[in-house]
Amino acid sequence: MIRLKGFLASTSGRVIVAFLIALGLHLLGTVLIDGYSSSFSIRAMLVIASLLAVACVGQTLVVVLGGIDLSIPFVIGFANVVAAQLYGEQWNFGLVCLLVAVIAILIGAFNGYVSRKLDIHPLIVTLGTGMVVQGAVLLWTAGFPSGSAPQVVSDFVSIGGSVGPLPFPWIVPCLAVLALAVMALMARSPYGRRLYALGSNPGAAPMALIDPVRMWAVTFAISAFFAAVAGVLLLGFTGSAYGDVGQPYLFQTIAAVVVGGAALVGGRGSYLGTIAGVLVLTEVNTLLIGLGFQPSAVQAALGFIIVVLVSIYGRERHVSATI
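To keep things clear, this report deals only with the structure shown in the data block. Predicted, not measured: the structure shown is a model, and the values here were computed from it.

Brief notes about the overall build of the protein chain
Okay, step 1: Per the secondary structure count, the protein chain includes 13 helices and zero strands.
Okay, step 2: Taking the principal axes of its C-alpha atoms as reference, the protein chain extends roughly 60 × 50 × 40 Å.
Okay, step 3: The buried share among the 323 residues of the protein chain stands at 49%.
Okay, step 4: Expressed as a percentage of contacts within the protein chain between residues at least 6 apart in sequence, the contacts between residues at least 24 apart total 76%.
Okay, step 5: Surface accessibility of the protein chain: about 15,100 Å² in total, with carbon and sulfur atoms responsible for 71%.

Listed below in structure tokens is the structure:
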């Protein structure tokens, strides 16, 4: 029993458990629902999981740092609407993406700088900034966004797409490459070492010549950038602009990170764990919908299941165990 508790308390143990839960949920869905493991169903789940995983890149980094980013769904909606609107006005799509990325990075950097420099909880700063961004987009579009994504973006995320002989669209292998890059960044780079050091001990980190304000600004900027990427990809996935397209990601990005073994107090977590958490959420959501649950019931059941999963292995060790 003691060894089991120690295993569940470790980061690697929580990641393994999350992957096992995802596998168990998939097997359960295969037994209960006809066609759950069909080629089309698996492709659809991979695409949906990939979109969520892109949005979770920044949330993972921010949580390891010891913060939280509630502006992600608003930045997703901003990128979704602005990209569609400007492309519909015959702007070059490459220029549109560059503009959206720069604005998103500035939004994120502002969030991190203000949160750390003025010592304001990032929950308040990011939520307030997100609402300002959403309001600005609504004013600009008068509440009626228009436009669409170019065909190349739609093909990139199309469930029916393929990469040569591989039966899934480009977003899936690209996410695999992105995951490897993010994991290498967190585990092998000076930035990653500073990230964990600052998240583990914010008071001592400056003594190791780590600039907290700079780290927070950079990390939140990365978070906003990947939220914007997710917003553009969702434009290709849905086919039209929608300002609230990112709202489900408010809960799901945080849940995926926590289910994947990250600590909300900072200093612990990995993007591999987040990927595991993304798979758990995707399997749970698909299973509940396949069983005939209404959207409101799916949301309630999903929240309940996440609480149960986190209570199993997501609790922090007692302070006596850390002394």
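Don't stop here, the text continues.
Topic: the packing of aromatic side chains
Okay, step 1: Across all of its chains, the model carries three aromatic pairs by this definition.
Okay, step 2: Taken together, a centroid distance of 5.5 Å and an interplanar angle of 20° make the contact between Trp216 and Phe220 stacked. One end of the pair, Trp216, and the other, Phe220, are both in helix α10 (residues 212–238), four residues apart, so they sit about a helical turn from each other. In terms of burial, Trp216 and Phe220 fall into one category: buried.
Okay, step 3: Ring centres of Phe225 and Phe226 lie 5.2 Å apart, and the angle between their planes is 80°; on these two criteria the pair is classed as edge-to-face.
Okay, step 4: Judged by relative accessible area, Phe226 falls into the buried class, the value being 15%.

Here we look at the packing of helix α8 (residues 171–188) against helix α9 (residues 190–200)
Okay, step 1: Their axes nearest at 5 Å, the elements α8 and α9 cross at an angle of 65°. Here α9 runs roughly perpendicular to α8, going by the angle between their axes. Note on element contacts: α9 touches α8 through Pro190, Tyr191, Gly192, Arg193, Leu195 and Tyr196, opposite Leu185, Met186 and Arg188.
Okay, step 2: Among the residues making up the contact of α8 with α9, the classes are represented as six nonpolar, one polar and two charged.

Some points on a nonpolar patch on the surface
Okay, step 1: A grouping of Trp91, Leu95, Leu98, Leu99, Val102, Ile103 and Leu106 is seen on the molecular surface, where their side chains present a nonpolar patch of about 610 Å² in accessible area.
Okay, step 2: Tracing the backbone shows Trp91 in the loop between α4 (72–88) and α5 (93–117).
Okay, step 3: Owing to a relative accessible area of 35%, Trp91 belongs among the partly exposed residues under this scheme.

What to know about unusual backbone geometry
Okay, step 1: Notably, Gln90 is not glycine yet its phi reads approximately 75°, a positive angle.
Okay, step 2: Phi is positive for Asp119, which is not a glycine, with a value near 55°.
Okay, step 3: On the accessibility criterion, Asp119 (70% relative accessible area) is exposed.

Observations regarding the side chain of Asn80
Okay, step 1: Along the chain, Asn80 falls in helix α4.
Okay, step 2: Looking at Asn80, the relative accessible area reads 0%, which means it is buried.
Okay, step 3: Within polar-contact distance, the side chain of Asn80 engages the backbone oxygen of Gly231 at 3.1 Å.
Okay, step 4: For Asn80, the contacting residues outside a window of four places in its chain are Gly231, Leu234, Leu235, Ser240, Ala241, Tyr242 and Val245.

So, the nonpolar core
Okay, step 1: Leu51, Ile76, Phe78, Leu195 and Tyr271 are the most contacted members of the largest nonpolar core, which has 83 residues in total.
Okay, step 2: The dominant element in this core, judged by the number of residues it contributes, is helix α3 (residues 39–65), at 15 residues.
Okay, step 3: Every residue in contact with Phe78, bar those within four places of it in the chain, is listed here: Val100, Ile103, Ala104, Val133 and Val137.

Definitions and cut-offs
- Residues numbered from 1 in each chain as written.
- Predicted model: local features only at pLDDT ≥ 70, side-chain atom pairs only at ≥ 80, totals over all residues.
- Heavy atoms only, no water.
- Helix = DSSP H or I, 4+ residues; strand = E, 2+ residues; numbered from the N terminus.
- Buried < 20%, exposed > 50% of the residue type's maximum accessible area, 1.4 Å probe, protein only.
- Contact = heavy atoms within 4.5 Å.
- Areas by Shrake-Rupley, 256 points an atom, 1.4 Å probe, with all protein chains shown as cover.
- Phe/Tyr/Trp six-rings, centres within 6.5 Å; stacked < 30°, edge-to-face > 60°.
- Axes fitted to C-alpha atoms, helices over the stretch in contact; angles between N-to-C directions.
- Parallel < 35°, antiparallel > 145°, perpendicular 65-115°, else oblique.
- Nonpolar A, V, L, I, M, F, W, Y, C, P; charged D, E, K, R; others polar.
- Patch = residues over 30% accessible without salt bridge, like charges linked within 9 Å, V, L, I, M, F, W, Y side chains within 5 Å.
- Salt bridge = Lys/Arg side-chain N within 4 Å of Asp/Glu carboxyl O.
- Polar contact = N/O pair within 3.5 Å; in protein donor to acceptor, adjacent residues only side chain to side chain.
- Core = buried A, V, L, I, M, F, W, Y, C linked by side-chain atoms within 4.5 Å.

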